[in-house]
Amino acid sequence: MIVFKVKNIKKVILASMFWPVTISSITSNYLFLLIPFFSKLDLSNKRKFTEVSFFIFFLIASWLLGIIWFAEAGYILRGSASSLAIILPFTLLLFILPFNLSMIKRSIVIVCFIYSLLVIFHVVYSLNIPFFYADGAKSLLQPFVPDWPQRYIILLGIALHLLLHKLKTKVSLFGLLCFMVISYAFFMSFTRTAYLSLIISMMYYLVPLKPRFNRKALKYLLISTLVLILIFIYDYYNRQLSLQIFDKILNKFVEALGAFNEGTGEKSVSERFQTWKEILRFTFVNNPISGTGGIGAGVLKSQNMIDIPNNSAHSQYFDIFLRFGILGLVFFFYFFKRVFLFFGKEIKACIIFILLFSITHETLKLTYVMLFFILMINLSYDRKNTAVEL
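Here's a quick rundown of the structure. Note that this is a predicted model, so its numbers are computed, not measured.

Overview of the packing of aromatic side chains
Applying the stated criterion across every chain yields a total of 31 aromatic pairs. Ring centres of Phe55 and Phe331 lie 4.9 Å apart, and the angle between their planes is 45°; this geometry places the pair in the tilted category. One end of the pair, Phe55, is in helix H2 (residues 46-69); the other, Phe331, is in helix H13 (residues 316-342), with 276 residues separating them in the sequence. Neither residue differs from the other here; Phe55 and Phe331 are each classed as buried. An angle of 75° between the planes, with centres 5.7 Å apart, marks the rings of Phe132 and Tyr184 as edge-to-face. With Phe132 in the loop between helix H4 (101-127) and helix H5 (134-140) and Tyr184 in helix H7 (residues 173-188), this residue pair connects regions lying 52 residues apart in the sequence. For Phe132, a relative accessible area of 59% corresponds to the exposed category. Across the ring face of Tyr204, the terminal group of Lys345 is positioned such that the distance to the ring centre comes to 5.7 Å.

Details of a nonpolar patch on the surface
Taken together, the side chains of Ile9, Ile13, Leu31, Leu34, Phe37 and Phe38 make up a nonpolar region of the molecular surface, amounting to roughly 610 Å² of accessible area. Along the chain, the position of Phe37 falls in the loop between strand E2 (26-27) and H2. Residue Phe37 is classed as exposed on the basis of its relative accessible area of 71%.

Section: the packing of helix H14 (residues 345-357) against helix H15 (residues 367-380)
Packed helix pairs are characterised by how far apart their axes lie and by the angle those axes make with each other. Where H14 contacts H15, the two axes come as close as 12 Å, and the packing angle between them is 140°. By the criterion of interaxial angle, the relationship of H14 to H15 is oblique. Once H14 is placed against H15, the crossing between them reads as left-handed. Where H14 approaches H15, its residues Ile347, Cys350, Ile351 and Ile354 are matched on the opposing element by Val369, Phe372 and Met376. Tallied by class, the residues present in the contact of H14 with H15 amount to 7 nonpolar, no polar and no charged.

Looking at the environment of Ser189
With respect to the helices, strands and loops of the structure, Ser189 is situated in the loop between H7 and helix H8 (192-203). A C-alpha to C-alpha distance of 9.7 Å links Ser189 and Arg151, two positions 38 residues apart in sequence. Once you skip the residues sitting within four places of it in the chain, Ser189 turns out to touch Lys138, Trp148, Pro149, Ile153 and Tyr195.

Some words on helix H6 (residues 153-169)
When the terminal C-alpha atoms of H6 are compared, their 25 Å separation across 17 residues agrees well with the 24 Å that a helix rising 1.5 Å per residue should span. Across the 17 residues that make up H6, a large majority, 13, are buried.

Focus on the pattern of salt bridges
Under the definition given, this model contains 7 salt bridges. Asp319 serves as the salt-bridge partner of Arg323, at 2.9 Å between the closest nitrogen and oxygen. Of the two residues, Arg323 and Asp319 are both situated in helix H13; the distance of 4 residues between them amounts to about one turn of the helix. Take Arg323: its relative accessible area is 15%, and that puts it in the buried class.

With respect to unusual backbone geometry
Note that the residue after Trp148, namely Pro149, is joined by a cis bond; omega there is 0°. Tracing the sequence through the fold places Pro149 in the loop between H5 and H6. At Asp147, a residue that is not glycine, the phi angle is positive and equals roughly 55°. Relative to the helices and strands, Asp147 resides in the loop between H5 and H6.

Description of the nonpolar core
Phe18, Phe90, Ile108 and Met376 are the most contacted members of the largest nonpolar core, which totals 105 residues. The element that contributes the greatest number of residues to this core is H13, accounting for 13 residues. With sequence-adjacent residues up to four places away left out, Met376 is seen in contact with Leu101, Ile104, Val339, Phe343 and Ile347.

Concerning the side chain of Ser83
If you trace the backbone, Ser83 turns up in helix H3 (residues 73-91). Using a relative accessible area of 1% as the deciding quantity, one classes Ser83 as buried. Other than its neighbours up to four places away in sequence, Ser83 contacts Trp63, Gly293, Gly294 and Phe324.

So, H4
For H4, spanning 27 residues, the distance from its first C-alpha to its last is 38 Å, which sits close to the expected 39 Å at 1.5 Å a residue. The principal kink in H4, of about 30°, is found at Phe121. The distance from a side-chain oxygen at the start of H4 to the backbone nitrogen of Ser102 is 3.3 Å, and the residue carrying that oxygen is Asn100. Trailing H4 by a residue or two, Asn128 shows a phi angle of about 55°, which is positive.

Quick notes on the rules
- Residues numbered from 1 in each chain as written.
- Predicted model: local features only at pLDDT ≥ 70, side-chain atom pairs only at ≥ 80, totals over all residues.
- Heavy atoms only, no water.
- Phe/Tyr/Trp six-rings, centres within 6.5 Å; stacked < 30°, edge-to-face > 60°.
- Helix = DSSP H or I, 4+ residues; strand = E, 2+ residues; numbered from the N terminus.
- Buried < 20%, exposed > 50% of the residue type's maximum accessible area, 1.4 Å probe, protein only.
- Lys NZ or Arg CZ within 6 Å of the ring centre and 35° of its normal.
- Patch = residues over 30% accessible without salt bridge, like charges linked within 9 Å, V, L, I, M, F, W, Y side chains within 5 Å.
- Areas by Shrake-Rupley, 256 points an atom, 1.4 Å probe, with all protein chains shown as cover.
- Salt bridge = Lys/Arg side-chain N within 4 Å of Asp/Glu carboxyl O.
- Axes fitted to C-alpha atoms, helices over the stretch in contact; angles between N-to-C directions.
- Parallel < 35°, antiparallel > 145°, perpendicular 65-115°, else oblique.
- Left-handed = near helix turned anticlockwise from the far one by under 90°.
- Contact = heavy atoms within 4.5 Å.
- Nonpolar A, V, L, I, M, F, W, Y, C, P; charged D, E, K, R; others polar.
- Expected span 1.5 Å × (residues − 1).
- Core = buried A, V, L, I, M, F, W, Y, C linked by side-chain atoms within 4.5 Å.
- Bend = angle between axes of the 7 residues up to and from the residue.
- Polar contact = N/O pair within 3.5 Å; in protein donor to acceptor, adjacent residues only side chain to side chain.

Listed below in structure tokens is the structure:
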């Protein structure tokens, strides 16, 4: 009985860590940083300790280099805060995290269910709008629902994947209710990138669990890609063919993807590509290896160092590249690869959803997404004690 109560307390604590808390439009639920205070260092897994420590060392080195190259007080303050927002969550991996996979999944589903009920309540009671008026609810719900509509939807998408996998093996009334309620909130966000990411990631369930790869062809593809990147970088500094090609490709993508935007017509897509191009220019010129040391696009824009329409990178990949350079991207993709290869289709589909959504939105900067990522990384190092569901 006592064990049961302790488990329930853990679930409540974990669920509270996934709830969106926003301060000045910044997602700021850092309750998970309290975990080390009721845990202890995990020295049993030498590989995890070594790899995570090395990554943290790189983040600290990138941050210090950023201070040297961008010595103004504003850069130091904002850059340090951004770096700490990445460094501190990864330090959790150095400790024994008291949450198993089942507990994590249930906590996410429950908190997303409550969040979705909040959406329904405000649609019916506060706004009194048509029940499926998604286009209007996208903006009308913002004053009432935290991190609405393009932030918390990431966790809603993860919850839908977890529920879908569960319903494949065991159909329950509560599971169906959760799936319907969360699906409704997901739909009402009217975020078309999220729609597309969810559809593609759910299609992964139709793919064989262990597809056969031609390793030789894959090796040549990776080598060719690396060579092309190096040629692009060399040519970029000379302001020659690569920049012209990039501009032409950019214009084609703007035309092709005009229908899949989150704003008004082609403007939203065009602004994203303009932002990405500026981030490429700035990072390649200054420090493509380790980036700015945590300084984001908003700070650089406020100092007139980059010319972008908004204060966001509008892509998790470009945000990481700007802040921590090519090495930062390599580290993050390594951890994504660890998680993807370790788990079965359920978590794999969640990772695909996050990776797709990250193309046009910043995702890991959101504390609840980072928490999910950190917990999955931690479990990926613990084969002995983790029940992986295929």
